[in-house]
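Chain by chain, the residues:
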Protein chains: 2
Amino acid sequence: MIMQNAQYLSDDQVKRIHEASLEILRDTGLLVRNEKARIRFAEHGCEVNHETEVVTFPADLVEKCVEMTPPTFTICGRDPAHDFTLPCAEPRVATASSAPDMVDPVSGETRRATSHDIARLGHLVNEMDGIDVFSISVLADDAPEGQFNLSRFYPALKNCSKPVRTSVLDVEECEQILKLGETIAGSREDYFKHQFITFGYCAVVSPLTMDYDSTDMLMYFAENDITAYGTIAPVGGAGTPLTLVGTLALINAEWLATCVLTQISKAGRPMLYNFLPVFTDMRDGSYATGAIEIGIMNSAICQMARFYDVPSAGYLGLTNSKTSDAQAGYEKGMSPILGTMSGVNYIVMGGLLDALMSLDLAQVAIDNEIALMAKRAACGMEFSEENLALDEIKKAGHGGMYIGNPETLKRMTKTCFLPELADRTIREVWEMQGSRDVHARALDQVRFILTQPNKYAISAETDAKIKAAFPGIVAGDSVPPEGWIAPEQTRGRRQSRRHAKAS
Amino acid sequence: MIMQNAQYLSDDQVKRIHEASLEILRDTGLLVRNEKARIRFAEHGCEVNHETEVVTFPADLVEKCVEMTPPTFTICGRDPAHDFTLPCAEPRVATASSAPDMVDPVSGETRRATSHDIARLGHLVNEMDGIDVFSISVLADDAPEGQFNLSRFYPALKNCSKPVRTSVLDVEECEQILKLGETIAGSREDYFKHQFITFGYCAVVSPLTMDYDSTDMLMYFAENDITAYGTIAPVGGAGTPLTLVGTLALINAEWLATCVLTQISKAGRPMLYNFLPVFTDMRDGSYATGAIEIGIMNSAICQMARFYDVPSAGYLGLTNSKTSDAQAGYEKGMSPILGTMSGVNYIVMGGLLDALMSLDLAQVAIDNEIALMAKRAACGMEFSEENLALDEIKKAGHGGMYIGNPETLKRMTKTCFLPELADRTIREVWEMQGSRDVHARALDQVRFILTQPNKYAISAETDAKIKAAFPGIVAGDSVPPEGWIAPEQTRGRRQSRRHAKAS
């Protein structure tokens, strides 16, 4: 055990939340718009009113389905070296998705995002050691008709060898993306041996509604053993009570309903206990993604996930700020640490500004450092008799210096996380270097990476097959924005990316 | 119990740290430069070598002195409404100290700080609901000879009715400040009934050295029942081993030594378990105040403090950034939340940039919001049957709206922290308002406050007495910088400062 997690709820309170959710499922249930789902619920013992479309749930079915859900969830990348199975010792981190807009890296203006931005993002994420999953962060405004999400998955998969994830609209689109995966893998069989695409879906619309399409996708993914996880994203105070525990009881009921539908569609399908619980700012109705209450909710979500023995996940590190200022910094930094200290297994956090509206490439690099700091925090004190260093302490004695000790030299790059972007110089040096803020340095790092060839891109041969299979598909290459040349390499880049990982 | 704190160390590991510290104290001990202290240590059973000035400690004396240390620490303000006794349900927060420089609020340039800046800071801190203590954040470059810290305490106490804290050089200076306190209180007796000044001292110089002056002050404070607490501020990797647990064992030994000296000077004197453990960035020797390892160390410090049943405290929320950028934001936001989730009782954090080198008034206002977010996190889920809101959930049913519910209206300002500075508007509104960052908005807030009269200033009558008692003393008034006029009141200021407090 590296850490005893922070917990807001006592064991009894966790049980009470569970019981409250069972009561909601029994007495109120869910409105289920999808007839196939209603029939399936009815077949497994739910009470279904096909006229009102309301489904209510017996507690024993719910608890049986929770039991059937495995305790782990595996996410794979195009390169199997990036595969991982949750829970890990450290939280795993994804970029956030799916913003319509992009902060243009040259002009700094916000504009609609395109497939070119996705290609660059994929290229960039390869090099971000703190980011484990490329959840495709923006939409592609240049998508040809009939290729809406293909125009996102293709540049992402082409450029990024880490796990790639986003949603699809319907079964037809999913089949198109699977065909892309098969083309890359060589065959459908090879693809299904190592699914390097993870699909997302919006599992429930709070309060207590399963819509037609998402519910269709949930069943389709489960029936076909397709790697996918859902997100429940309530608007607290609008679609839930304006209390944290009331919201938790409600969204937990909603998750349990998706758990039932998943398990009765295909027993043993892995799930994440995954939420984006944003409360409304009641002064003006704004969607307060930067609020600390998301972190607090996430902590309780971690406890419920442990109660159900399912990996916990959540959107954290979002900000309402439109620009990469101190607000973006503290809003992005605080909730991921709160989640980390609460034992969250999977954090969706990187790159976005302005709630979920725009992505900034430099912010991806900044958030990468935040992610690495959170991962360092997850590694903890590294207690051992060797690390207690009593002999060294006695030898150094009073007023002695440790800096030249062999033990110190050995630990130089191991004890502390060594950031690449955070400025730690003295003021005079910083001023001499142009008094630049972290965003400027981050943009340098991004420019450095994106003006190098992408060594993780798929082969030309595979790419030719894709181009042949999907006529009219977007170009998909990571090409530096016009006018960009590589800056000099920034201090320390590539030198010491990480604190030694927890075992 | 609001929260079960995050803990990196098991109970056995905490005990092992304690034992390791006892072993260090027994085998290596401390170099004690102050003869009076050495004699006192010898009188109470320590082994003292007056030639080498080394003092070693028997374990039973150390443990007896820990036992004698009370579990609480009271900090008072000029207005008793601001008094508090640690530990409280939420962490209490102080501004950080004592920077030599100031970001000029008009020019934005960094310059030497003066007593005028301290007066403004005192005025500002009154209005910062998240900040409980004004630890005098800067030095006074305009101090007349013989009034170095008087030129800091006077403008601070004159303008701020909250607890005021900083260090003094020696006993003589302390007597000068006490005389100031007595003049404000009316008499020495009245002052000592309600000590609204808290003194600080640097308890130990790591590794394992008690210097002359600080040790003198420690004994003087204890003997005279003067409210004071020490800080141990090691430079990790230079003055301590480059491991977290080794550093912890060492600084814990140092704290135990100060505990012994305090308790044998005056049994039962309250103490804080208070540290600023900064590790060196081994790439260039920089003093990495913004590093996440300070937060991790603080978490372990909270555990040791609970083991000794003494309130925990620490410097958190510092940054190496020279400017209020995203780095300042995440470095300032992450460690205070880490500490909060670990149960820290007292956080010294507000206002500084550039390690401990400069203070920015707008940053005080930003850090106030960070402090309020941390305090909100300390309040947790607020579990109750009423907050579970089951009736409301059943009534709203599927797809219903909670926004107009009487319960929602009742909780509008209670459930979530409502920030004043964080932007939550939509992009179009933000652009219409000038695309300003949080620092610009914070500076507006500061300007608004500092261009109003300070209603918490001491009376003209008392001030006349002070002026008479200390010839040549600085002016001490909070006067707006030249050219400042009040901006329009910013949205929400004064409207809803706080989330409802934890009981």
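Residues and elements named next belong to chain B. What the three strands build is an open sheet, ordered 14-16-17; its pairing is mixed. With partners counted over all chains shown, the strands left at the sheet margins are strand 14 (235-236) and strand 17 (286-287), one partner each. Of the strand pairs in this sheet, strand 14 and strand 16 (residues 278-281) are connected by two bridges, and their pairing is parallel. What sits directly across from glycine 236, in strand 16, is phenylalanine 279.

Moving on to the interface of chain B and chain A. Taken together, the 120 residues of chain B in the interface contact 120 residues of chain A. When the two sides are added together, the surface that chain B and chain A hide from each other amounts to roughly 10,400 Å², 66% of it contributed by carbon and sulfur. Of all residues in chain B, the largest losses of buried area upon contact with chain A belong to Arg283, Met381 and Arg424 of chain B, amounting jointly to 9% of the total for that side. Counting the contacts that link chain B with chain A gives 46 residue pairs in polar contact (both at pLDDT 80 or more). The leading source of residues in the side of chain B that touches chain A is helix 11 (residues 326-341) of chain B, at ten residues. Here the residues of the side of chain B that touches chain A are counted per class, giving 59 nonpolar, 37 polar and 24 charged.

The next thing to look at is the sheet that holds strand 12 (residues 209-210) of chain B. All names here are of chain B. Strands sit in the order 2-3-1-12 across an open sheet of four strands; the sheet is mixed. Edge positions in the open sheet fall to strand 2 (47-49) and strand 12, since each of these has one partner strand only. In this sheet, strand 3 (residues 54-56) lies alongside strand 1 (residues 30-32) in antiparallel orientation, the contact comprising two bridges. Residue pairing in the sheet places leucine 31 in a bridge with valine 54 of strand 3.

Here the focus is the packing of helix 4 (residues 115-126) of chain A against helix 17 (residues 438-450) of chain A. Residue and element names in this part refer to chain A. Where helix 4 meets helix 17, the axes come as close as 10 Å, and the angle between the chain directions of the two elements is 100 degrees. The angle between helix 4 and helix 17 places the two elements in the roughly perpendicular class. Across the interface between the two elements, Arg120, His123 and Leu124 from helix 4 touch Val446, Ile449 and Leu450 from helix 17.

The transformation that overlays chain B on chain A combines an axial shift of 0.0 Å with a rotation of 180 degrees, and the residual RMSD is 0.0 Å. Seen this way, the second copy is the image of the first under a two-fold rotation axis. Interface residue correspondence from chain B to chain A reaches 100%, placing this contact among same-surface, isologous pairings.

Before going further, it helps to spend a moment on a negative patch on the surface. Residues and elements named next belong to chain A. Where like charges cluster on the molecular surface, the negative patch consists of Glu19, Asp60, Glu63, Glu67 and Asp309. Ranked by the residues each element gives to the negative patch, the list is headed by helix 3 (residues 59-68), at three residues. In this structure, glutamate 67 sits in helix 3. When its relative accessible area of 68% is taken as the criterion, glutamate 67 is described as exposed.

Summary statistics for chain A give a mean pLDDT of 95 and a share of 97% for residues scoring 70 or more. Contacts for the low-pLDDT stretch residues 491-497 of chain A, under 50 throughout, to residues beyond four places or in other chains number 27 contacts.

Residue and element names in this part refer to chain B. When the terminal C-alpha atoms of helix 11 are compared, their 22 Å separation across 16 residues agrees well with the 22 Å that a helix rising 1.5 Å per residue should span. For helix 11, the tally of buried residues reaches 16 of 16 residues, placing the bulk of the element in the interior. N-cap assignment for helix 11: the residue whose side-chain oxygen lies 3.2 Å from the backbone N of glutamine 327 is aspartate 325. Looking one or two residues past helix 11, glycine 343 carries a phi angle of roughly 85 degrees, positive in sign.

Here we come to the pairing of strand 11 (residues 197-204) of chain B. Every other side chain in a regular strand lies on the same face of the sheet, so the side chains alternate between the two faces. Residue and element names in this part refer to chain B. Burial of strand 11 is extensive: seven of the eight residues sit out of reach of the surface. With five bridges joining them, strand 11 and strand 13 (residues 228-232) adopt parallel strand pairing. What sits directly across from glycine 200, in strand 13, is tyrosine 229.

To continue, consider the pattern of salt bridges. Tallied over the full model, the rule gives 68 salt bridges over all chains. Note that arginine 38 of chain B is salt-bridged to glutamate 53 of chain B, the shortest N-O span being 3.6 Å. With arginine 38 of chain B in helix 2 (residues 35-43) and glutamate 53 of chain B in the loop between strand 2 and strand 3, this pair connects stretches of sequence that are 15 residues apart. The partner of aspartate 132 of chain B in a salt bridge is lysine 375 of chain B, and the shortest N-O contact between them spans 2.6 Å. One end of the pair, aspartate 132 of chain B, is in the loop between helix 4 (115-126) and strand 9 (134-135); the other, lysine 375 of chain B, is in helix 12 (residues 361-379), with 243 residues separating them in the sequence. On the accessibility criterion, aspartate 132 of chain B (11% relative accessible area) is buried. Residue lysine 375 of chain B is classed as buried on the basis of its relative accessible area of 1%. Three or more residues are tied together by salt bridges with common partners; here these are Lys322 and Asp354 of chain A together with Asp423, Arg427 and Glu431 of chain B.

Let us look at the side chain of glutamine 7 of chain B. As for its placement among the helices and strands, glutamine 7 of chain B is situated in the segment before helix 1 (11-27). One polar contact links glutamine 7 of chain B to arginine 306 of chain B, side chain to side chain, over a distance of 3.3 Å. With sequence-adjacent residues up to four places away left out, glutamine 7 of chain B is seen in contact with Met3 and Gln4 of chain A together with Gln303 and Arg306 of chain B.

The rules behind the values
All chains use their own residue numbering, which begins from 1 and follows the written sequence. Key to labels: chains lettered from A, ligands numbered from 1, both in the order written. For this predicted model, a pLDDT threshold of at least 70 governs which residues receive local features, and a threshold of 80 or more governs which side-chain atom pairs are given and counted, while totals over whole chains, interfaces and linings are taken from all residues. Hydrogen atoms and water are omitted, and side-chain values are computed over all heavy atoms in the structure. By definition, two strands form a pair when at least two bridges between them are found by DSSP. Only runs of H or I of at least four residues qualify as helices and only runs of E of at least two qualify as strands under DSSP, and these elements are numbered from the N terminus. Two residues form a contact once any of their heavy atoms are found within 4.5 Å. The term buried area denotes the loss of accessible surface (1.4 Å probe radius) that occurs when two parts are joined, taken as the sum for both partners. Here a polar contact is taken to be a pair of N or O atoms separated by no more than 3.5 Å, where protein atoms must pair a possible hydrogen donor with a possible acceptor and residues adjacent in sequence count only if both atoms sit in side chains. Gly is put with the polar residues, along with every residue not named as nonpolar or charged; the nonpolar set is Ala, Val, Leu, Ile, Met, Phe, Trp, Tyr, Cys and Pro, and the charged set is Asp, Glu, Lys and Arg. The axes are straight lines fitted to the C-alpha atoms, using for helices just the contacting stretch, and the angles between their N-to-C directions are given from 0 to 180°. Orientation is classified from the angle alone, with under 35 degrees giving roughly parallel, over 145 giving roughly antiparallel, 65 to 115 giving roughly perpendicular, and any other angle giving oblique. We superpose the copies by least squares over the C-alpha atoms of residues that have a pLDDT of at least 70 in both of them. Here a patch means residues that are over 30% exposed by relative accessible area and free of salt bridges, tied together within 9 Å if like-charged and within 5 Å if nonpolar (Val, Leu, Ile, Met, Phe, Trp, Tyr). Note on areas: these come from Shrake-Rupley sampling with a 1.4 Å probe, and a residue is covered only by the protein chains present in the view. Salt bridge, as used here, is a side-chain nitrogen of Lys or Arg placed within 4 Å of a carboxyl oxygen of Asp or Glu. Lys and Arg are tallied as positive, Asp and Glu as negative. Neither His nor the chain termini are counted. For charged residues, the charge sits on one atom: NZ in Lys, CZ in Arg, CG in Asp, CD in Glu. Under the scheme applied here, a residue whose accessible area is under 20% of the maximum for its type counts as buried, over 50% as exposed, and between as partly exposed, the area being computed with a 1.4 Å probe on protein chains only. The predictor rates its confidence in each residue with pLDDT, a number between 0 and 100. Multiplying 1.5 Å by the residue count of a helix minus one yields the expected span of that helix.

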